[in-house]
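# Tertiary structure, described
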Amino acid sequence: MSDIFTLNSGDATAIQQHYERVIETLLRTLLNTENSGDKQQQDLKIFDGDRLIYGRDNNQFRDDISGISGQLLNPQLIAELQELRSTPAGDVASGVINKKVELDGKVILQSDRDGKVLVNNFLQSESNQSRSKSEVFETSNIVDEKQDYDSHSLINNSNNQKPEIKEDISLPFINGSTRVKESLQVLEDSPIKNILISEVEQLKTELKALQQERSFYKELIEQRLQQPKNTSWWQQAINNVSTVVQSVNSAIKMGIREFKENSVQHSSAASLKTLFYLQTQPGANQYTAGEYQISRQGALYEVSSEATGKQIMQFRSTPLGVKVEQGNLDSTQIQDISSLRHSLKKNEPLPTTFTPIGKQEAEYFKVVEKVTNALVQYAIAQQQEVEIDGVFSYKWRASPQGNVHIEAKDGRGVLLEKDGGKLKTNMSQKDLNYFEQILPKLQPSQVEGSRQVAEGRRELMME
Amino acid sequence: MQTLQTHWNTEVSSLLEKYPQWQKMLMSAIDKPQLDVGYCPFVIEIFDQYGLLAGKINKFGCYECKRSSNQQSKFVAWMFDGELAIFYVDLHMLLNRIAIREELTL
């Protein structure tokens, strides 16, 4: 606000004219009207009810869309005009009440008090042009190219604008989820392809289910859909909803609160699933820790408090995550799981609340010992310190003197350090399973010889 | 394992040049580590050059936009909680930041 400066009237007029041209260009792009240089300037007017909100009225130019020069455009109105532009006459453009757009005195778009579209010359003319359809499509493709290219520069700063997704209603429409599924089918077969396909199939199923019920979050989702180019809408909404929602009502506020609560439950479930995965043998259906118990039946997990025996959460494992079915976490439990998440992330020892009870620990150290002994035996057989840098998961070395060092290549760092009598380990059950599996390859070859040693070594590198 | 190619063929490179914001996001995502093991996105949103294709929020809802048949998707980008995680052009997977642990996907 302190940046107030004065300028002479000539400059002020020039700035104002420049600004009007910017707005005009934007509106014309939005409305897809022509304004070529060799043509006389067309007269564009926009009315809200009977009130002129944009355009020339006698000798005065009104502009309620952009407000005072320098302020953001009125995003709500822009969105409404876009909605009106893409709704055929006779249909309802929801929320677009009593709007009228005139070009050279002719009404080209109009809605009534219920949002019903009375006039839409654009769509009418599009459908009338079917005889030269291919030509029209080619042209609109070019326009599309330009529009989607240009609008990309708006991705991160267009929070208050609704960029246009140009639609040509004379062509058949396809749902976004169907388009995603089709795009995945082109990819080469791979585990990630299967996971993404399952994910999008699940999304399609849920979309169908949601059509049946009126979602509590519908309003928030509708707001999100108004900014389809914004790639971080939800993150912005959570930080400050008013940056992405024009009028924040109570439904929006409740939606945001619910979103945050769900988000906490979701990340809790994800941490518990990771814990279960890292700490149990494949096929295990129970994990008992200091203060919590997790049991699993297929993809369904139930978490209960050891102290009360009460179930505190139920979630389902999905291809790309978890889906919380029921969550009733109190603040202490949320805090416990938050510490767990921190430990898992930093690869630090588990907090006591989630440390497995004694029996599992004893078994764990037995396997650690078996693995380290086998690596040392391998070094003894080679009569030198050995170092294996695998392609995928681990890098390790062992010396005939009994020192072992294992580190993960997935970012978790050092997993095990055995030096003399000291042992420090953070190997998960899955890490141990891996090393147990490669133990047979570490056995001395039946026929000794450098060729076999070299081959065995090469094989390990490929693990 | 992260699948990435920084030496894309000319076709892919010139396509990306047309969408500088996406190109920038892709290049910066390629330099980032893979997502944590066991990472489960709360919000998944999928985009093409026109914008949002579909979205899904855990326990909250799913939504999608429409495309007409002349609006072909030139690339598909999956954003997890606002972070670019997957990006592909036709059959070329240019970015995959998901560490697959089979047991975790059961």
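The structure we're discussing is the one just above.
Residues numbered from 1 in each chain as written. Chains lettered and ligands numbered in written order. Predicted model: local features only at pLDDT ≥ 70, side-chain atom pairs only at ≥ 80, totals over all residues. Heavy atoms only, no water.

### Here we look at the overall build of chain B
What counts here: Each helix is a run of DSSP H or I of at least 4 residues and each strand a run of E of at least 2, with the numbering of both proceeding from the N terminus. The rule is simple: take the accessible area with a 1.4 Å probe, protein chains only, and divide by the maximum for that residue type; under 20% is buried, over 50% is exposed, in between is partly exposed. Any two residues whose heavy atoms approach within 4.5 Å are treated as being in contact. To be clear on the numbers: accessible area is Shrake-Rupley with a 1.4 Å probe, and residue cover counts the displayed protein chains and nothing else.
Scanning chain B for helices and strands turns up two helices and seven strands. Burial analysis of chain B (106 residues in total) assigns 58% to the buried set. In chain B, the proportion of contacts linking residues at least 24 apart, taken out of those at least 6 apart, comes to 55%. Carbon and sulfur atoms provide 53% of the accessible area of chain B, an area that totals close to 4,000 Å².

### Description of the interface of chain B and chain A
The line we're drawing: Accessible surface is computed with a 1.4 Å probe, and the buried area is the amount of it that two parts give up when combined, taken over both parts together. In the sections that follow, a salt bridge refers to a side-chain nitrogen of Lys or Arg positioned within 4 Å of a carboxyl oxygen of Asp or Glu. Any pair of nitrogen or oxygen atoms within 3.5 Å is treated as a polar contact; in protein, a donor-acceptor pairing is required on top of that, and neighbouring residues in sequence qualify only through side-chain atoms on both sides. Residues are sorted three ways: Asp, Glu, Lys and Arg are charged, Ala, Val, Leu, Ile, Met, Phe, Trp, Tyr, Cys and Pro are nonpolar, and all the rest, Gly among them, are polar. By definition, two strands form a pair when at least two bridges between them are found by DSSP.
Contact with chain B, which involves 65 residues of that partner, is made by 76 residues of chain A. Here chain B meets chain A over a buried area of about 6,500 Å², counting both sides, of which 61% is carbon and sulfur. Across the chain B-chain A interface, the total number found is two salt bridges. Across the salt bridge formed by A:Glu199 and B:Lys56, the nearest N and O atoms sit 2.6 Å from each other. Where chain B meets chain A, there are 19 residue pairs in polar contact (both at pLDDT 80 or more). Looking at the side of chain B that touches chain A element by element, the count peaks at seven residues for strand E2 (residues 51–57) of chain B. In the side of chain B that touches chain A, the residues fall into 34 nonpolar, 16 polar and 15 charged. Here three bridges tie strand E7 (residues 173–175) of chain A to strand E4 (residues 66–68) of chain B, and the two strands are oriented antiparallel to one another.

### So, the pattern of salt bridges
Residue and element names in this part refer to chain A. Counting across every chain of the model gives 14 salt bridges over all chains. For Glu201, the salt bridge goes to Lys181, with nearest N and O atoms at 3.2 Å. Remark: Lys181 occurs in helix H5 (residues 176–186) and Glu201 occurs in helix H6 (residues 191–212); sequence separation between them is 20 residues. Of the residues examined, Lys181 reaches a relative accessible area of 22% and is grouped as partly exposed. Measuring nitrogen to oxygen at the nearest pair gives 3.0 Å for the salt bridge that ties Arg412 to Asp410. Among the residues examined, Asp410 registers a relative accessible area of 31% and is labelled partly exposed. Salt bridges sharing common partners tie together Asp410, Arg412 and Asp431.

### Topic: helix H2 (residues 20–30) of chain B
Where we set the bar: Here the arc refers to the directions that run from the helix axis out to each C-beta atom.
Buried within H2(B) we find B:Gln21, B:Trp22, B:Met25, B:Leu26, B:Ala29 and B:Ile30. Along the long axis of H2(B), the arc covered by the buried residues comes to 165 degrees, so they all point the same way.

### Some points on the sheet that holds strand E5 (residues 76–80) of chain B
Filter applied, for reference: Note on definitions: angles span 0 to 180 degrees between N-to-C directions of axes, and those axes are lines fitted to C-alpha atoms, for helices only across the stretch in contact.
Across the sheet, which stays open at both edges, the six strands sit in the order E3-E2-E1-E5-E6-E7 (chain B) with antiparallel pairing between neighbours. Each end of this open sheet is capped by a strand with a single partner; those strands are strand E3 (61–64) and strand E7 (92–96) of chain B. Between one strand axis and the next, the sheet turns through 15 degrees on average, direction left out of account. Contacts from H5(A) reach strand E1 (43–48), E2, E3, E5 and strand E6 (83–89) of chain B, with the element oriented near 95 degrees to E2(B).

### Observations regarding unusual backbone geometry
Residues and elements named next belong to chain B. The phi dihedral of Asp81 falls on the positive side, at around 50 degrees, and the residue is not glycine. Summarising the element assignment, Asp81 is placed in the loop between E5 and E6. Taking the relative accessible area as the measure of exposure, Asp81 reaches 23% and is therefore partly exposed. Backbone geometry places Asp90, a non-glycine residue, at a positive phi of 50 degrees. Examined against the element boundaries, Asp90 turns out to sit in the loop between E6 and E7. Assessed through its relative accessible area of 48%, Asp90 is described here as partly exposed.

### Observations regarding the sheet that holds strand E9 (residues 292–297) of chain A
Residues and elements named next belong to chain A. Spatially, E8-E9-E10-E11-E12 is the arrangement adopted by the five strands of the open sheet, whose pairing is antiparallel. Both edges of this open sheet fall to strand E8 (286–288) and strand E12 (321–327), since each of them pairs with a single strand only. Taken over all neighbouring pairs, the strand axes of this sheet differ in orientation by 20 degrees on average, direction set aside. In this structure, E8 lies alongside E9, joined through three bridges in antiparallel fashion. Paired with Tyr287 across the two strands is Ile294, which belongs to E9.

### Here's the deal with the nonpolar core
Across soluble globular proteins, nonpolar side chains have a tendency to be buried as a group. Note the cut-off: Each nonpolar core is a collection of buried residues, namely Ala, Val, Leu, Ile, Met, Phe, Trp, Tyr and Cys, held together in the definition by side-chain atoms within 4.5 Å.
With 38 residues, the main nonpolar core has A:Trp234, B:Trp22, B:Leu26, B:Ile57, B:Leu84, B:Phe87 and B:Leu94 as its most contacted residues. If you tally residues by element for this core, the top one is H2(B), at five residues. Once residues within four sequence positions are removed from consideration, B:Phe87 is found in contact with B:Leu16, B:Trp22, B:Leu26, B:Phe75, B:Val76, B:Ala77, B:His92, B:Met93, B:Leu94 and B:Leu95. Residues A:Val368, A:Ala374, A:Ala398 and A:Leu442 belong to the second largest nonpolar core, which totals 26 residues.

In short, shape yes, function no, at least from these values alone.
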